[in-house]
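Topology and contacts: notes
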Amino acid sequence: MRRIALFEDQATDQFSPIALLRPVFELLCGHYSLRERLLRTLKVSEWGAFIRPELQNVYQAEHPDAHLNNADWSSQQPTLFINGRWLVNPHDVVEIKPGTAGWAGDVLAYVYLPAGARLSGSHASLDEELTVLAKDCKSFEIDSCVLNFPWDLFSANLKWLNYDFLNRDKSHIASKITPQVAIVGDSKNVYIDSTATLDPYVVIDVSNGPVWIDAGAKIQAFTRLEGPCYIGQKTQLFRANVREGCSIGPVCRVGGEIEESLFHGYANKYHDGFLGHSYVCPWVNLGALTTNSDLKNDYSSVKVPLSGISLDTGSTKIGCFIGDHTKTALCSLFNTGSSIGVMCLILPGGELLPKHVPSFSRVWHGRLEQLPDGTSSAMHTARYAMGRREQVLSPHMEQLLNFVFEKTQAERTRAFARQLSSS
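Cut-offs used in this document
- Residues numbered from 1 in each chain as written.
- Predicted model: local features only at pLDDT ≥ 70, side-chain atom pairs only at ≥ 80, totals over all residues.
- Heavy atoms only, no water.
- Phe/Tyr/Trp six-rings, centres within 6.5 Å; stacked < 30°, edge-to-face > 60°.
- Helix = DSSP H or I, 4+ residues; strand = E, 2+ residues; numbered from the N terminus.
- Buried < 20%, exposed > 50% of the residue type's maximum accessible area, 1.4 Å probe, protein only.
- Expected span 1.5 Å × (residues − 1).
- Arc of directions from axis to C-beta.
- Contact = heavy atoms within 4.5 Å.
- Pairing = 2+ DSSP bridges.
- Axes fitted to C-alpha atoms, helices over the stretch in contact; angles between N-to-C directions.

What follows is about the packing of aromatic side chains. Going through the model one piece at a time under the given rule, you end up with 14 aromatic pairs. Ring centres of W86 and Y110 lie 5.4 Å apart, and the angle between their planes is 20 degrees; on these two criteria the pair is classed as stacked. Of the two residues, W86 is situated in strand β5 (residues 86-87) and Y110 in strand β7 (residues 107-113); the sequence distance between them amounts to 24 residues. Between F165 and W212, the ring centres sit 5.7 Å apart and the planes meet at 85 degrees, which makes this aromatic pair edge-to-face. One end of the pair, F165, is in helix α6 (residues 152-167); the other, W212, is in strand β14 (residues 211-213), and 47 residues separate them in sequence. In terms of burial, F165 and W212 fall into one category: buried.

So this is what it looks like as structure tokens:
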């Protein structure tokens, strides 16, 4: 039985803010993250991961069976190292031979190392160490997708929604579709778990792709779902218009119109409002009529301020990226290509919000400010919000959030200085 070790390379900073609190291989794409898809499909005896050290305590608590940043473990037996940015078909992983390495240009996608291959376990030097070891292996060029930035998830999501639908186990009993639920297209492209609940007057359109509704989901009347899309466990849809290309993870509450967007899980968009080509992290609450633009009036390429640095996406349709625990008040209006950090408080002033809101900031009467009490009130709100879903803000997560607060201080300082110079 093979062993795999997922690793984060130095490009993880390019996935801020949505990967500040999780490894990049835990980002949702299709029905699963890369890690979930691999472990569900492959016969893996043991698995490990090499991740940023600040994530280790939180991630170990979530995955006690994982060997984290453990160079001794990885050297004991032949181990397949897989880059967490590589969206690989699990069936292709089976074909990888020991002593080989795969490259996407100059990015190391995988390397299958023999027993005895030594690593220091340091995240700072991991790229260099793996690259040196990979040069002693037989090299192959791969054509699979390697993520470079958060917006790459949107184009990849359509492919993986179709793949996951086709490859998931459908042997368990599916719910019978009642006559009051309208199916447009071939009903074989619809899977509804037997524990899911659908009200009358729900429309499921599978003309362009399949729809999977997972265990415990609740779909309210007058909701329309267009495939390909995925509705996660215990998620509730309220009179929603879910356009094609959406993945909605577990325990979300979603209403209004969404298009080609991903809700990681445990996020709320209960009310009306449009969200397009966006990624929403856990414990985000979007107030009534919160809306984003995902297309510029002149149809030009969208730029996104990742960590405050404007990057051209090369795409005409990009919405917003919203970090964990951020809350928006009613009628919040996000511009095309917005980046909103962790634990932000958005109180709109009747106009478009700043495209860059650094972590632990608030928009107050049209001004960008640091939270007045650092992390204190944000932590209190997080504990309360999580408690409503029978979840707990662990001491390890509090420690990680405080680390992110310190890590993003320079980003906030630059953002406030830019605002001051432009006023």
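Its 14 residues give helix α9 (residues 409-422) an end-to-end C-alpha distance of 20 Å, which sits within 8% of 20 Å, the value for a rise of 1.5 Å per residue. Those residues of α9 that fall on the buried side of the exposure criterion are E411, R412, A415 and Q419. Along the long axis of α9, the arc covered by the buried residues comes to 100 degrees, so they all point the same way. For α9, the exposed residues lying more than 90 degrees away from the buried face are L420 and S421. Buried residues along α9 sit in contact with β34 (356-357), β35 (361-364), β36 (367-370) and α8 (395-407).

Moving on to the sheet that holds strand β32 (residues 338-340). The 9 strands lie next to each other as β11-β14-β17-β19-β21-β24-β29-β32-β34, forming an open sheet whose pairing is parallel. For this open sheet the edge positions go to β11 (190-192) and β34, each flanked by a neighbour on one side alone. Relative to strand β17 (residues 229-231), β14 is paired through 3 bridges, and the arrangement is parallel. Bridge assignment links I213 to a residue of β17, and that residue is I231. Across the sheet, α6 is in contact with β11, β14, β17, β19 (246-248), β21 (262-263), β24 (279-280) and β29 (320-322); its angle to β19 comes to roughly 75 degrees.

Of all 7 residues making up β7, 7 are buried, and the element is well covered by its neighbours. Two strands pair when backbone bridges link them, and strand β4 (residues 79-83) and β7 are joined in this way by 4 bridges, in the antiparallel orientation. Each bridged residue has a counterpart across the sheet, and for L80 the counterpart in β7 is Y112. Inspection of the sheet shows strand β6 (residues 100-104) paired to β7 by 4 bridges, in the antiparallel sense. For A104, the partnering residue across the bridge sits in β7 and is V107. Where β6 hands over to β7, the hairpin turn is made up of 2 residues, of which G105 adopts a positive phi near 70 degrees.

With that settled, consider helix α7 (residues 376-387). Here α7 is 12 residues long and its end C-alpha atoms lie 17 Å apart, about the 16 Å a rise of 1.5 Å per residue gives. Within α7, burial applies to A378, M379, A382, A385 and M386. Taken down its axis, α7 places every buried residue within 130 degrees of arc, on the same side. Away from the buried face of α7 by more than 90 degrees, exposed residues H380 and Y384 are located. Structurally, α7 contributes buried residues whose contacts are with β30 (327-328) and α8.

On to the sheet that holds β4, then. Spatially, 7 strands are ordered β3-β2-β1-β4-β7-β6-β8 in an open sheet, and the strand pairing comes out mixed. The sheet terminates laterally at β3 (67-68) and β8 (138-141), the two strands that pair on one side only. Contacts between helix α1 (residues 34-41) and the sheet are confined to β1 (2-7), β2 (44-50) and β4, with β1 contributing the most and set at about 175 degrees to the helix. Contacts from helix α5 (residues 123-134) reach β1, β2, β4, β6, β7 and β8, with the element oriented near 60 degrees to β7.

Nothing here speaks to function; it is all geometry.
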